[in-house]
Number of protein chains: 2
Amino acid sequence: MKKRITIKDIAKELNVHHSTVSRALRNDPRVTQKTREMVLAYAREHEFQINMNAVMLRGKANNAIALIVPNINHNFFSDIISQLTNLAYKKGYVISVFQTNEKYQQEKEIINTIVQHNFAGVIVSIAKDTVKSDHFSVLRKFGIPLVFFDRVCEDIIAPKVRVNNFEITQQSTECLLERGFKRIAHFTGTQDINVFRDRDRGYRAALDKYNMEYRNSQIITDDFSMDLGKDIFTKLWDSPDRPDAIISSSVHLTLGILLQAKAYGIDIPKDLGIISFGTLLSSIIIQPSITSIEQPENEIAEIAFELLENMIIRDNQEDELIEREVKAKMLNGDSAR
Amino acid sequence: MKKRITIKDIAKELNVHHSTVSRALRNDPRVTQKTREMVLAYAREHEFQINMNAVMLRGKANNAIALIVPNINHNFFSDIISQLTNLAYKKGYVISVFQTNEKYQQEKEIINTIVQHNFAGVIVSIAKDTVKSDHFSVLRKFGIPLVFFDRVCEDIIAPKVRVNNFEITQQSTECLLERGFKRIAHFTGTQDINVFRDRDRGYRAALDKYNMEYRNSQIITDDFSMDLGKDIFTKLWDSPDRPDAIISSSVHLTLGILLQAKAYGIDIPKDLGIISFGTLLSSIIIQPSITSIEQPENEIAEIAFELLENMIIRDNQEDELIEREVKAKMLNGDSAR
DNA sequence: CTGTTAGCGCGTTCAA
DNA sequence: TTGAACGCGCTAACAG
């Protein structure tokens, strides 16, 4: 590690005290115009860069925000990351992104790292694996503001940004029912997570409303991958009680379904209705277009950031329950153009 | 900001010296079993978390690596981010992701932040906007290891991971020529960036080899968006010298092209051949499938990380020119299944 | 085995 | 207006 230039180095070189240099660099008014210019010139010339570790050790607030997501390379999350990064940049914050790979253990270690490095705040969407929530309490203990989005811990008091999963899934299911589908399967994730639980509740509410039942109704997958979607769909399709429609919680599962449907020569939507969460960018050019459920990623990012920034500025942890809900929308493939 | 518990607090409480606490926490052998256990128990109970700012101020190496990309929400980059984050995690590093939005100014400010926070190393793919490279020299000055991937600064001495853009674009163009296409347009990015420059050189090399010329050949876009792809294609298609094939540098441009082609009722690939960079996930279900050029994101991440880790471990900045090239592959849509 | 001391780089006293 | 001294939390060197 190269030795870096410090304010003391500058002070020695210019025959002033390092506290004077410190003041000059921060534009403290009680320093001569001349001295300041001398210091600034020297600093610029020698590319002085302040050591933030020293600054923060003295208690100055960090300007780094931690963002924790299960997967960086899912569009839903990468869109939110991108937007949050831009918002933060405008306000002088820096976002560090962490990926849990859906693992509780990694999530926990990440939280510790965040505490140890004095991050200013944390925005998180929890792992599928996360059923305990003890690791979040340490943030509260250390006074680090926390905001949940999308996938939340129900038993931790912190602001939460939710998507209207119940409502939109109910609506989507009803849409299929109204189009005459009778055996609708629901491909979704673990029921430990609010998002997938809410979606399944919405799905069942719609079935109940129409007095429908379907034996193979709920299919829970641990993983959202194209291959898994393909496999699950294949089994289901070849089973005695074949579905005539599917609601899918993930673009990747949907791609697997579509792929296999194509191999089987299944006519969509005649023989198989599909509604899928997630923006299937190319659904607009797929023949036939499928209906997708679009989530407002930018709005989620904006609200989450706003909530967190408020807490950071007011040096405050919320004790009341702040919940904000944003609305996903159904986008019919054929009307997308 | 809440006051956090420190080793001194623990020391006072247990009537030992804080240096003893420090040793106990780090499992220094020269501390009694009993003392250590006492300290560890107390620390665990009170959720002590070490203050990394203090540790780093003393000179200990940081375990945080900075990753700078133009856009987090492009699949090429988000795949690399995801993979890098996992590799880093296994080795005990943490990745912080920064987004330049293709702006030189942001890139520069990010570099300063990185220096100020003493990051252990930097992995970067530069912004389209970045024509100067002065801001990278500060990293060298401060002894922070640097690795470029994909989009590189030619005049900075640092390890570079490149994709065989020249070769693969030449090959793709020849592929189209051999299939009988004669007026092939090239949709690509600014020629200030090695990636797009290399692709265009490969494209032209193929044309030259076949003694072909095409007036509208090179179309440079500032931005890679679906809308722009659609607009540009529309203009081109309606021009007197209509293309019969396109090589596209971006999935988003390609989607725009496909969308408009569909609206025009253009038969692909009979009336319009298309080869596109980027994994068009759903190309496997698009009818007709289009040929894509797949880049080895995981391999890029692995090599970049390995190169950087070597420099970090050896506390070394490379003076020799390390260049590694990875190979993109053409993937024919119809053989993808 | 444990305590003492010093210092990492900076900002904030308090004094001059 | 500037300087001197101190301390943020931690670890290394040295002393006991």
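Bear in mind the structure is a predicted one, so any value in this text is a computation, not a measurement.

1. Focus on the protein's contact with DNA strand C
Around DNA strand C, a shell composed of 26 residues is seen, among which Ile-7 and Ser-22 of chain A together with His-17, Thr-20 and Arg-58 of chain B lie nearest. The sugar and phosphate moieties of DNA strand C supply 63% of its atoms located within 4 Å of the protein. In this structure, Ser-22 of chain A approaches DNA strand C through a side-chain N or O atom, which is 2.6 Å from a phosphate oxygen. Within the side chain of Arg-23 of chain A, one N or O atom sits 3.4 Å away from a base oxygen of DNA strand C. Those elements that place two or more of their residues in the surface near DNA strand C are α1 (7-14), α2 (18-25) and α4 (52-57) of chain A together with α2 (18-25) of chain B. Among the elements that make up the surface near DNA strand C, the one with the highest residue count is α2 of chain A (4 residues). Of the residues in the surface near DNA strand C, the class split is 8 nonpolar, 10 polar and 8 charged.

2. Digging into the domain arrangement of chain A
Along its sequence, chain A is carved into domain 1 (1-50), domain 2 (51-162 + 298-326) and domain 3 (165-295). Averaged C-alpha coordinates put domain 1 of chain A and domain 3 of chain A at centres separated by 64 Å.

3. So, the interface of chain B and chain A
Tallying the contact residues gives 63 residues for chain B and 65 residues for chain A. Run the count over chain B and chain A and you get 0 salt bridges. Where chain B packs against chain A, one counts 23 residue pairs in polar contact (both at pLDDT 80 or more). Residue contributions to the side of chain B that touches chain A peak at 8 residues, all from helix α5 (residues 75-90) of chain B.

4. A few points about the relation of the copies chain B and chain A
Overlaying chain B on chain A yields an RMSD of 0.1 Å, the required transformation being a rotation through 180° with an accompanying axial translation of 0.1 Å. Taken together, the rotation and translation relating the two chain copies correspond to the operation of a two-fold axis. A shared binding surface is used by both copies, with 100% of the interface residues of chain B retained as interface residues in chain A.

Quick notes on the rules
Residues numbered from 1 in each chain as written. Chains lettered and ligands numbered in written order. Predicted model: local features only at pLDDT ≥ 70, side-chain atom pairs only at ≥ 80, totals over all residues. Heavy atoms only, no water. Near = heavy atom within 4 Å. Polar contact = N/O pair within 3.5 Å; in protein donor to acceptor, adjacent residues only side chain to side chain. Helix = DSSP H or I, 4+ residues; strand = E, 2+ residues; numbered from the N terminus. Nonpolar A, V, L, I, M, F, W, Y, C, P; charged D, E, K, R; others polar. Domains from an automatic or database assignment. Contact = heavy atoms within 4.5 Å. Salt bridge = Lys/Arg side-chain N within 4 Å of Asp/Glu carboxyl O. Least-squares fit on C-alpha atoms with pLDDT ≥ 70 in both.

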